[in-house]
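# Survey of secondary and tertiary structure
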Amino acid sequence: MFDITATYTDQYELTMGQAYFLSGLKDEQAVFDYFFREIPFDGGYVMFAGLMDLLSILEDFRFDKKDLEFMQSQGFNPDYLAYLKGFRFMGTIHAPSEGDLVFPTRPVLRVEGTLIETQIIETVLLNIVNFESLIATKASRMRLVAENSILIDFGLRRAQGAGGYHAARAAVIGGFDATSNARAARDYCLQASGTMAHSYVESHADELSAFRSFAAARPDDCVLLVDTYDTLKSGVPHAITVAKEMEKKGHRLIGIRLDSGDLAYLAKRSRALLDEANLQYVKISASNQIDEYVIRSLVQQKAPIEVFGIGTNLVTGKPDAALDGVYKLARVEGRPVIKLSENTSKITLPDKKQVWRAIDHKGLFLGADVVGLDDEGHIAEMHHPFSPHQSFAIEPNETEPLLHPVMIQGKVVYNPPSLSQTAQYARERLAMLPAEYKRFENPHAYKVGISSRLKALRDRLIAQHRKNPKGV
């Protein structure tokens with residue numbers, strides 16, 4: 001949908017690129033890791049999303065004429081601009097399957113290529129993957145408590161600009177059924193869903209006339225908004241009148257929507273009125289500042305709501321608004337590198353790595369991912385990444401590697417699943433995560449550790465740089 005070219009980036013990516021180019025480093029081979037440090041929403045997992053959007057962008061990532069003219073106006077070197085005219089991302093990316101669950105500090109993506117190309121794609125990678133993973137995670141939390149209710153993304157009008165477009169896709173990965181976003185539905189082959197606004201009711205002489213008009217226009221897909229004037233005294237009775245009129249014409253009212261007030265109370269009273277009129281088939285949907293906690297409360301109160309329309313709290317990732325994913329250099333020209341920090345949790349893991357997940361005898365996640373060097377085989381023990389005296393034996397358990405090649409030399413190298421298949425995979429992986437990691441209050445902390453070889457390499461680099469901090 002969007003014209004994402006190579007200036008969809010931060011200026012410092014371009015300035016570093018020029019410095020690499022002019023110093024003769026542009027073709028040096030590099031490895032970068034994408035990972036995050038904290039789980040949002042005080043939760044126990046993150047659902048990985050955004051991979052296919054990212055790969056689609058990178059396959060055609062280039063500097064067009066407008067990009068180069070802009071950079072020329074910013075004073076970039078002419079030789080550098082001539083090089084960028086033919087720039088394409090020709091690197092390799094390893095990733096887990098989209099929809100998998102990922103955890104802090106471990107590599108989620110491994111990007112390999114020339115120093116300049118791996119640097120230039122940093123911002124677009126972070127922009128897409130951070131956001132879609134945040135929204136998919138939020139959506140999955142709502143799905144966990146919504147039971148069999150239908151979940152619809154209503155968020156475009158409340159999203160931060162165009163973010164609502166990618167949010168619609170991420171929400172489906174997380175467990176949503178449909179979106180009100182017509183453009184996202186068109187582009188991603190999603191189910192589009194929409195009802196009516198209060199303005200439609202207000203634009204008619206009276207509520208009943210509005211309902212009749214709308215039903216005539218959409219006889220096979222009619223949902224009536226019943227709270228414009230008075231939900232129980234006006235809206236629901238008028239909806240019942242129209243539903244009976246529709247029956248005589250061979251049609252059925254699909255549902256009513258509640259958009260204000262005490263949703264549990266109004267849903268129960270509306271259900272009673274509909275059932276008394278033999279309209280048991282008419283569904284009740286609800287919207288209005290709904291999040292996972294509101295859904296959980298309504299389910300616990302046995303509110304007869306079958307459809308939830310969720311906007312602001314979904315597409316803004318409220319209350320956290322961002323996943324803190326970062327992109328760090330791990331290797332250059334065959335040499336492992338490390339970033340040090342006074343905060344030990346911000347010390348990076350060097351070199352090219354793989355991640356293995358431990359599976360227990362029941363086929364569930366054991367609660368442990370281990371990061372090791374890419375050429376390691378079976379790992380029997382993992383160490384806490386920041387507490388050197390803590391370790392965890394994983395030998396008795398099955399492990400599966402999580403990082404697989406998805407792009408080689410700038411081309412996607414696997415047959416991407418459909419969005420519905422990705423959503424199904426996400427449900428399967430979430431089902432493999434034990435319940436204690438999915439609870440909203442005080443979820444269990446998933447362990448992420450490092451292999452003995454990786455620990456030894458990191459410790460050696462830390463000692464080396466602290467002994468010779470100037471690097472000379």
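## So, the sheet that holds strand β6 (residues 150-153)
Read from one edge to the other, the open sheet built from 6 strands follows the order β7-β6-β11-β10-β9-β8, with strand pairing classed as parallel. Two strands lie at the open edges of the sheet, namely β7 (178-179) and β8 (223-225), each paired on one side alone.

## Considerations on the sheet that holds strand β19 (residues 404-408)
Read from one edge to the other, the open sheet built from 7 strands follows the order β13-β12-β1-β5-β3-β19-β20, with strand pairing classed as antiparallel. Of all the strands in the sheet, just β13 (335-336) and β20 (411-412) have a single pairing partner and so form its edges. Summarising the sheet, strand β3 (residues 92-95) and strand β5 (residues 109-114) pair through 3 bridges and their orientation is antiparallel. When the bridges of β5 are listed, Thr92 appears paired with Glu112. Sitting on the sheet, helix α2 (residues 51-59) is in contact with β3, β5, β19 and β20, with an inclination near 30° to β19.

## Comments concerning the packing of helix α10 (residues 207-217) against helix α11 (residues 231-248)
Where α10 meets α11, the closest approach of the two axes is 9 Å, and the angle between their N-to-C directions is 40°. Comparing their axes, α11 and α10 come out oblique. Along this stretch, α10 crosses α11, giving a crossing that reads as right-handed. Contacts between α10 and α11 involve Glu207, Leu208, Phe211, Arg212 and Ala215 from the former and Ser234, Gly235, His238, Ala239, Thr241, Val242, Glu245 and Met246 from the latter.

## Section: the pattern of salt bridges
One pass over the full model with this rule turns up 28 salt bridges. Salt-bridge contacts for Asp60 lead to Arg62; the nearest nitrogen and oxygen are separated by 2.6 Å. Owing to a relative accessible area of 46%, Asp60 belongs among the partly exposed residues under this scheme. Residue Glu132 is joined to Arg169 by a salt bridge in which the shortest nitrogen-to-oxygen separation is 3.0 Å. Placement of the pair is Glu132 in helix α6 (residues 122-146) and Arg169 in helix α7 (residues 163-174), with a sequence separation of 37 residues. Three or more residues joined by partner-sharing salt bridges are found here, namely Asp100, Arg106, Arg357, Asp369, Glu400 and Arg429.

Definitions and limits used
- Residues numbered from 1 in each chain as written.
- Predicted model: local features only at pLDDT ≥ 70, side-chain atom pairs only at ≥ 80, totals over all residues.
- Heavy atoms only, no water.
- Pairing = 2+ DSSP bridges.
- Helix = DSSP H or I, 4+ residues; strand = E, 2+ residues; numbered from the N terminus.
- Contact = heavy atoms within 4.5 Å.
- Axes fitted to C-alpha atoms, helices over the stretch in contact; angles between N-to-C directions.
- Parallel < 35°, antiparallel > 145°, perpendicular 65-115°, else oblique.
- Left-handed = near helix turned anticlockwise from the far one by under 90°.
- Salt bridge = Lys/Arg side-chain N within 4 Å of Asp/Glu carboxyl O.
- Buried < 20%, exposed > 50% of the residue type's maximum accessible area, 1.4 Å probe, protein only.

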